Amino acid sequence: GTRKCIERLLCSGDTFVDVGANLGTLTLAAARAMHGKGRIVCFEPFSDTCALLRNTLFLNGFAEIATVHCAACFSQSGSHSFYIAETCGHNSLYPLAGSTNTGESIEVEMTTLDEALSGIPVTLLKIDAEGAEPAILHGAMQVLESNPDVGIIVEYGPEHLKRSGETQESFFMPFDKLGFVMRGIDDASGALYVMDRDTLHNRVSVNLFFARPNS
């Protein structure tokens, strides 16, 4: 559903920002929706996965429109421990628990979206960062303020937020402050629909869409 949503929202000449790009599945969907004409900016902090992401873009003919940062996004720049999971898509800036925890961690570089995207107009921003989403948004306030029509796809996971010490209220605070409206993304069709925040505590993980009214 998220892939189909991205494909409907983007067209030639747009700019797609993928935070937590992993191997590039959704990055490819964006590049194809833009017909290879536009700009893609990816962030993937784990060097092994980042190398595969670069290969994905090269093999599919989109390397020339893409900038890949081997860095994590956060509320501030610097370096941070990065915890390696059994599955690369579950790697996180926060300690892991349960069977996914390998006990391995590395140091990764961090940046803010305000620093990395300074002067770049953004059409659609996707954030999937295993609990770091609120911190990333706090480091992107200038980007969100300067792009009134930007759309945001962001993962919401109650367990992720618990590990990072965040709450539902702190997750939604940046969106509420800047006047964004939330929609759910249908898992099958990618269509947007009205969703009540009170239902989110029943979800293990869900991608949400945010945009300002009339954008």
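A. Up close: the layout of surface pockets. Looking at the largest pocket, its volume works out to about 680 Å³. Within the residue set of the lining of the largest pocket, elements represented by two or more residues are helix 2 (25-33), strand 4 (72-73) and helix 7 (158-164). A per-element tally of the lining of the largest pocket places helix 7 first, with three residues. Looking at the lining of the largest pocket residue by residue, the class counts come to 18 nonpolar, eleven polar and seven charged.

B. Quick look at the packing of aromatic side chains. This model, assessed by the stated rule, comprises seven aromatic pairs. Considering the side-chain rings of F171 and F172, the 5.1 Å spacing of their centres and the 80° angle between planes classify their relative orientation as edge-to-face. Given the relative accessible area of 0%, F171 is considered buried. Residue F172 is classed as buried on the basis of its relative accessible area of 1%. Ring pairs connect the aromatic residues Y156, F171, F172, F175, F180 and F210, which therefore count as one cluster.

C. Expanded view of the sheet that holds strand 2 (residues 39-43). Here eight strands make up an open sheet; going across it, the order is 3-2-1-7-8-11-9-10 and the pairing mixed. Edge positions in the sheet fall to strand 3 (66-69) and strand 10 (192-193), since each of these pairs with one other strand and no more. Pairing of strand 9 (residues 181-185) with strand 11 (residues 206-211) involves four bridges; the strand directions are antiparallel. From the neighbouring strand, M182 faces strand 11, where its bridge partner is F210. In this fold helix 1 (residues 2-9) packs onto strand 1 (15-19), strand 7 (124-127), strand 8 (151-156), strand 9, strand 10 and strand 11, with an angle of close to 170° to the strand it touches most, strand 8. Packing against the sheet, helix 8 (residues 168-177) makes contact with strand 8, strand 9 and strand 11, and its axis sits at approximately 175° to strand 8.

D. Molecular detail of unusual backbone geometry. Its identity as a non-glycine residue notwithstanding, E130 has a phi of 50°, on the positive side. Considering the arrangement of structural elements, one finds E130 in the loop between strand 7 and helix 5 (133-138). Of note in the backbone geometry, N214 takes a positive phi value of approximately 70° without being a glycine. Considering the arrangement of structural elements, one finds N214 in the segment after strand 11.

So, how was this worked out
Numbering of residues starts from 1 in every chain and runs along the sequence as written. With pLDDT at 70 or above as the cut-off, local features in this predicted model cover only qualifying residues; side-chain atom pairs require 80 or more to be listed or tallied, and sums for whole chains, interfaces and linings still use all residues. Calculation of side-chain values draws on the structure's entire complement of heavy atoms; hydrogens and water are dropped beforehand. Think of a 1 Å grid over just the protein atoms. A cavity is a set of points where a 1.4 Å probe fits yet cannot get out, a pocket is an open set with protein on both sides within 12 Å along at least five of seven lines, and lining residues have an atom within 4 Å of a point. Grid points are joined across faces, edges and corners, and a volume is the space filled by probe spheres set on the points. Helix and strand definitions follow DSSP, with helices as H or I runs of at least four residues and strands as E runs of at least two, each counted in order from the N terminus. By the convention adopted, Pro, Cys, Tyr, Trp, Phe, Met, Ile, Leu, Val and Ala count as nonpolar, Lys, Arg, Asp and Glu as charged, and the other residues, Gly among them, as polar. For Phe, Tyr and Trp, rings pair up if their centres lie within 6.5 Å, where Trp contributes its six-membered ring, and each pair is then called stacked (planes under 30 degrees apart), edge-to-face (over 60) or tilted (otherwise). Exposure classes here rest on a 1.4 Å probe applied to the protein chains alone. A residue is buried below 20% of its type maximum, exposed above 50%, and partly exposed in between. At least two bridges found by DSSP between two strands are what make those strands a pair. Note on contacts: a residue pair qualifies if any of its non-hydrogen atoms lie within 4.5 Å across the two residues. Helix axes are fitted to C-alpha atoms over the stretch in contact, other axes to C-alpha atoms as well, and angles between N-to-C directions run from 0 to 180 degrees.

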